[in-house]
Amino acid sequence: MYKLPKSGRLRRNKCFQAVYRSGKSYANRQIVLYVLPQHGRERRVGFAAGKRLGNAVVRNRVKRLLREAYRLQQHNLKNGFDLIIVGRQTLVNETLPAVSAALSHLCDRAKILSSKGGAV
RNA sequence: UGAGUACGAAAGAUGAUCGCGAAGGCCGCAGGGUCUUCGAGGAAAGUCCGAGCUCCACAGGGCAGGGUGCUGGUUAACGGCCAGCGAGGGCGACCUCAGGGAUAGUGCCGCAGAAAUGUAGACCGCCCGGCUAUGCCGGGUAAGGAUGGAACGGUGCGGUAAGAGCGCACCAGCAGUCAGGCGACUGACUGGCUAGGUAAACCCCACCUGGAGCAAGACCGAAUAGGGAAGAGAUGAGGUAGCCCGCCGAUCCUUCCGGGUAGCGUCGCUAGAGCCGGCAGGCAACUGCCGGCCGAGAUAAAUGAUCAUCACCGCGCAAGCGGGACAGAACUCGGCUUAUUGACUGCUCACCGA
RNA sequence: UGGGGAGUCGCCAAGCUGGUUAAGGCAUCGGACUCUGACUCCGACAUUCGAGGGUUCAAAUCCUUCCUCCCCAG
């Protein structure tokens, strides 16, 4: 239930470009969320951390935080979407609970939470 | 106690839960499931050097170009390291140095200054002589002044019209001989009395050096079309590094039109100039022998999150609270450089006490 | 990850190779012309060339170590 195998991840540059170009975006101070509907498919997700955030250690940490936050609440999300979650500058010094809260806030606004799960 | 200096080592430990990557075993036709083991660094960084490896010819010759530059050693190699020599800095422990050649040649040395390298040069002085005489002219003089970063060895005595290595002593420097040292070099003696700086300017000398890089390169599979048109060249197109040689070499190149630009592909991909311990050689860098160990292999790219306990540091009487830097493998090694935490050890100096 | 290039005034830049003056244009400020503005004319504007160290009498320039930015290769 909490697993996150490679098949649920966005892996190709093409897919990333498609989501960036055609998807809708939602943002708050910590996170930017891109959503592209893909009807009938398994939900896939990608994580990104831009060069502005800092050196390689900081960028890796941001991506791992985002992945952990997504992993722990993915069962509340609907299927049939490609998502990209991008970390922003204020995320660098945050801890996991704050990241989770920010992510669920965005998912609520994007209306991809499943009805039986509800907000965390 | 304070200040400093050198060197080595380390970069918290254990457990639980959830999750990720790889390898191997088992189950399954298969998607996959499950168990075990392993899973970031001293700098993984910067990419400043040197190698391995791959392709270009089994990488060859000459010129050009580039690099290094005290001596000896070390190494696969190096611009690294070790030991020494010389110069400079520090009271000292110790530190710094691209540190060959300026007597092979060429260039440059602004402004200032009379003059910037030629045995040249007289602005003020100094001395001698002449004159139309408180000045002017001619000559001598580089000791004094002035300029400059630098002015043709320095100090002293003699000498002289005034001066000058003109003569002498000492010092610096140069050349030669002898002695010591593998050598850089050091010491002694002799000689002629003097030769500016700059080679991180060109250069000379000695030594080294082919080019590209794992996006190298190899393989498998898919796709299209053995597409069309025009032009140049076989006393040889074209390729091979800048040129010449040499080599490869039968179809190749340029332009236009059209088509294609595709695979979460496989290998290369991790056992290596490897790590740890002991012994031996060496002042040391390092080397040899013996024994043991296997320690990441990803590809939008794994190595994470949460919690608990115990160490360590700081604050606090205590309960407790807070803290742990710099930073993330991408073919692999040897160095260098840069970033950075809190401790340990040796040595030096200053002060105080016994 | 590998390879290559560039940092000079607020902006665009010349000067670096071959060492002794930091050109020029735009912008800004002050003045003149005008009743006022524009145009035009005159004047001002870099103690230092991304940062540190070295060579030299002397460094934007030569050497070296860092920092920042840009480009190319799937």
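Keep in mind the model is a prediction, meaning the values are calculated, not measured. (Residues numbered from 1 in each chain as written. Chains lettered and ligands numbered in written order. Predicted model: local features only at pLDDT ≥ 70, side-chain atom pairs only at ≥ 80, totals over all residues. Heavy atoms only, no water.)

Peer 1: I tried to follow the packing of aromatic side chains on my own but got confused; where do I start?
Peer 2: What describes a pair of aromatic rings is the distance from one ring centre to the other and the angle between the planes of the rings. A complete count under the given rule lists 1 aromatic pair for this structure. Ring plane angle 70 degrees and centroid distance 5.9 Å describe the contact between F47 and Y70, whose orientation is recorded as edge-to-face. Of this pair, F47 sits in strand 3 (residues 44-49) while Y70 sits in helix 2 (residues 56-73), placing them 23 residues apart in sequence. Y70 carries the same exposure label as F47, and that label is buried. (Phe/Tyr/Trp six-rings, centres within 6.5 Å; stacked < 30°, edge-to-face > 60°. Helix = DSSP H or I, 4+ residues; strand = E, 2+ residues; numbered from the N terminus. Buried < 20%, exposed > 50% of the residue type's maximum accessible area, 1.4 Å probe, protein only.)

Peer 1: Any chance you could explain the packing of helix 2 against helix 3 (residues 96-110) here in plain terms?
Peer 2: The description of two helices packed together rests on the angle between their axes and the distance between the axes. Packing of helix 2 against helix 3 leaves a shortest axis separation of 9 Å and a crossing angle of 65 degrees. By crossing handedness, the relation of helix 2 to helix 3 is classed as right-handed. Along its contact with helix 2, which presents L65, L66, E68, A69, Y70, L72 and Q73, the element helix 3 presents L96, V99, S100, L103 and S104. Of the residues that constitute the contact of helix 2 with helix 3, the class distribution is 8 nonpolar, 3 polar and 1 charged. (Axes fitted to C-alpha atoms, helices over the stretch in contact; angles between N-to-C directions. Left-handed = near helix turned anticlockwise from the far one by under 90°. Contact = heavy atoms within 4.5 Å. Nonpolar A, V, L, I, M, F, W, Y, C, P; charged D, E, K, R; others polar.)

Peer 1: When you look at the pattern of salt bridges in this model, what are you seeing that I'm missing?
Peer 2: Pairs can form between side chains of opposite charge once their charged atoms are near each other. Within the structure shown, the criterion is met by 2 salt bridges. Between D82 and R44 there is a salt bridge, with its nearest N and O atoms 3.0 Å apart. With D82 in strand 4 (residues 81-87) and R44 in strand 3, the pair connects residues that are 38 residues apart, well separated along the chain. Residue R71 is joined to E68 by a salt bridge in which the shortest nitrogen-to-oxygen separation is 2.7 Å. In this pair, R71 and E68 are both assigned in helix 2, 3 residues apart and thus about one turn of the helix distant. Accessibility expressed as a relative area gives 24% for R71, which makes it partly exposed. E68 gets classed as partly exposed once you look at its relative accessible area, which sits at 29%. (Salt bridge = Lys/Arg side-chain N within 4 Å of Asp/Glu carboxyl O.)

So far we have only geometry, and geometry alone does not tell us how the molecule works.
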